[in-house]
Amino acid sequence: MDSKNLTAKALIALQYVDELGYKKKAALLGLIKDPSVLPSEKSLVRKVLGDSQAEEFFKNYAAVDGIIETMERKNVHWTVYTDDDYPEFLYNLEDRPHVLFVKGNFEALKRDCIGIVGSRRPTHYGEKVAEEFSREFANAGLTVVSGFARGIDGIAHKACVACAKPTVAVFACGIDVCYPAEHRGLAEGILLNGGALVSEYPLGTKPLQYHFPERNRIISGLSRAVFLAQAAKKSGSLITVRFAIEQGKEVFAVPGNIYAAESEGANELLREIPDALVISPEDVLDALHVKREYVEKHTVELTLCESQIVEALHDGEAHFEELLAVTGMGVGDLTNALFNLELNGMIQNTGGNYYSLAGM
């Protein structure tokens, strides 16, 4: 077996060691030139990892063919940092992931990407900003990268799916673990539209708290720039912005309501970095020297149920329960219809289970 395959197997086995932190892995890999020799360096591995995690590594390596077969069966691609196809932007990071697990279009990770981050509890203003900027970025040919979380992340991904453009979702868990669970349909939409799900965590890994800040460096790392749609003072999305700054990436943000706690983080960032201020997607595209792509608009054909919903919303915003009463639909059918209309950009969730026509 060639050295390249042995290296990949050693790194995958190392990545599959439960709760093994990045610093320990980096320390171990820093002591050897060729990761493929790790299984034979038993004393070194035990010294750095400790007996328990070292034994788990050796056990994983012995079973690595089975791990790879499972990934292949689940259509999961992987790449290690020594591979030729490893994304260049990530390779240049000091704390690059040693292994990436990818489902979907692997080439999406190598395109011209922009990170979009923000609050998990955005105001209507933040939702509108995230949707509009994501849509315009996608239509201009940029691939939107975000973290698949509730709030701004989900809105950014949905906007791309709605205009049939690829988007990359970076998970804080295994890519076979859908978190949050309500984004299962969104994950399918991402894959159907040429996007990708990516993570440094092995299949089956749960979304532990410390994974989220670790995940954020990958969002900024894959991206040319990071756009902050809305953030409170202690928003985790500001961690991504800090990573972007450390990585030498450009950052952009829109100003928010000075009286709204949800905008304090973004407004403080703009006070620190006034040049980051933008008020339109065009401002960002011009700063990045992105030429717009012509987008042919297609007519959206609605089902009878979807037409009923749109008709009901012509009178203004309505709650989910009101739509149940007006349309006579079941909960499941209404949920699916609302999701499809959101993906098509026809309606928007305005918060609190209320819906309105898009742009209203």
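To keep things clear, this report deals only with the structure shown in the data block. In this text the structure is predicted, and so the values were computed from the model without any measurement.

Some remarks on the overall build of the protein chain
Move 1: Check the secondary structure of the protein chain and you find 16 helices and eleven strands.
Move 2: Since a compact globule built from 360 residues should have a radius of gyration of about 21 Å, the 22 Å found for the protein chain is in line with a globular shape.
Move 3: In terms of overall dimensions, the protein chain has C-alpha extents of about 70 × 45 × 35 Å along its principal axes.
Move 4: A burial count over the protein chain gives 51% of its 360 residues as buried.
Move 5: When the accessible surface of the protein chain is summed, it comes to about 17100 Å², and 51% of that surface belongs to carbon and sulfur atoms.

A few points about the pattern of salt bridges
Move 1: By the definition in use, this model includes twelve salt bridges.
Move 2: Taking the shortest distance from any N to any O, the salt bridge between Asp65 and Lys9 comes out at 2.5 Å. With a gap of 56 residues between them, Asp65 in helix H5 (residues 64–73) and Lys9 in helix H1 (residues 3–15) connect regions that are remote in the sequence.
Move 3: With relative accessibility at 43%, the residue Asp65 sits in the partly exposed group.
Move 4: Judged by its relative accessible area of 13%, Lys9 falls in the buried class.
Move 5: Each of the salt bridges in this network shares a partner with another, and the network as a whole consists of Asp95, Glu200 and Arg217.

As for the side chain of Ser199
Move 1: One can find Ser199 in strand S6 (residues 196–199).
Move 2: In this structure Ser199 comes out as buried when scored by relative accessible area, which is 1%.
Move 3: Within the structure, the side chain of Ser199 is placed 2.7 Å from the backbone oxygen of Cys173, a separation counted as a polar contact.
Move 4: Polar contacts involving the side chain of Ser199 include one to the main-chain amide nitrogen of Tyr201, which spans 2.9 Å.
Move 5: With residues up to four places along the chain from it excluded, the contact list for Ser199 reads Val99, Leu100, Phe101, Phe171, Cys173 and Ile175.

A look at the packing of aromatic side chains
Move 1: On inspection of all chains with the given rule, the structure shows nine aromatic pairs.
Move 2: On the numbers, 6.4 Å between centres and 75° between planes, the contact of Tyr86 with Tyr91 is edge-to-face.
Move 3: Taken together, the ring pairs connect Phe57, Phe58 and Tyr61 into an aromatic cluster.
Move 4: Residue placement shows Arg217 over the ring face of Tyr22; its charged tip is 5.0 Å from the ring centre.

Some thoughts on the sheet that holds strand S7 (residues 225–228)
Move 1: Read from one edge of the open sheet, eight strands run S1-S2-S6-S5-S4-S3-S7-S8, paired in mixed fashion. Edge positions in the sheet fall to strand S1 (76–80) and strand S8 (250–253), since each of these pairs with one other strand and no more. Averaged over neighbouring strand pairs, the angle between their axes works out to 25° when direction is ignored.
Move 2: Relative to S6, strand S5 (residues 167–170) runs parallel, the two being bridged by three bridges. In the strand pairing of S6, Val168 is matched with Ala196.
Move 3: Packed on one face of the sheet, helix H11 (residues 237–246) meets strand S3 (113–117), S7 and S8 and runs near 150° to S7.

Some thoughts on the side chain of Glu127
Move 1: With respect to the helices and strands, the residue Glu127 is situated in helix H7 (residues 124–139).
Move 2: In this structure Glu127 touches Pro122, Ile152, Ile155, Asn349, Thr350 and Gly351, once residues within four positions along its chain are discounted.

Some remarks on the nonpolar core
Move 1: Among the nonpolar cores identified, the biggest contains 72 residues, and Ile12, Leu38, Met71, Leu109 and Leu228 are the most heavily contacted of them.
Move 2: Residues contacting Leu109, with those up to four places away along its chain left out, are Pro87, Leu100, Val102, Val168, Ala196, Val198 and Leu222.
Move 3: Counting 24 residues, the second-largest nonpolar core is a separate cluster that includes Ile114, Val129, Ala229 and Phe252.

Some points on the pairing of S7
Move 1: Of the two faces of S7, the one carrying Ala225 and Phe227 and the one carrying Val226 and Leu228 are both buried.
Move 2: As paired strands, S3 and S7 are joined by four bridges and run parallel to one another. For Ile114, the partnering residue across the bridge sits in S7 and is Ala225.
Move 3: Alignment of S7 against S8, held across four bridges, turns out to be parallel. Bridged to Val226 within S8 is Val251.

Points about the layout of surface pockets
Move 1: In this structure, the second largest pocket encloses a volume near 400 Å³.
Move 2: Lining the second largest pocket we find 20 residues, and of these Gly118, Arg120, Ser235, Gly236 and Ser237 sit closest to its centre.
Move 3: For the lining of the second largest pocket, the secondary-structure elements that each account for two or more residues are helix H10 (211–222) and H11.
Move 4: In terms of residue count, H10 provides more of the lining of the second largest pocket than any other element does, five residues in total.
Move 5: The class makeup of the residues in the lining of the second largest pocket is seven nonpolar, eight polar and five charged.

Calculation criteria
Residues numbered from 1 in each chain as written. Predicted model: local features only at pLDDT ≥ 70, side-chain atom pairs only at ≥ 80, totals over all residues. Heavy atoms only, no water. Helix = DSSP H or I, 4+ residues; strand = E, 2+ residues; numbered from the N terminus. Rg over C-alpha atoms; globule rule 2.2 N^0.38 Å. Buried < 20%, exposed > 50% of the residue type's maximum accessible area, 1.4 Å probe, protein only. Areas by Shrake-Rupley, 256 points an atom, 1.4 Å probe, with all protein chains shown as cover. Salt bridge = Lys/Arg side-chain N within 4 Å of Asp/Glu carboxyl O. Polar contact = N/O pair within 3.5 Å; in protein donor to acceptor, adjacent residues only side chain to side chain. Contact = heavy atoms within 4.5 Å. Phe/Tyr/Trp six-rings, centres within 6.5 Å; stacked < 30°, edge-to-face > 60°. Lys NZ or Arg CZ within 6 Å of the ring centre and 35° of its normal. Pairing = 2+ DSSP bridges. Axes fitted to C-alpha atoms, helices over the stretch in contact; angles between N-to-C directions. Core = buried A, V, L, I, M, F, W, Y, C linked by side-chain atoms within 4.5 Å. 1 Å grid on protein atoms, 1.4 Å probe; cavity = no way out; pocket = protein on both sides within 12 Å on 5 of 7 lines; lining within 4 Å. Points joined across faces, edges and corners; volume = space filled by probe spheres on them. Nonpolar A, V, L, I, M, F, W, Y, C, P; charged D, E, K, R; others polar.

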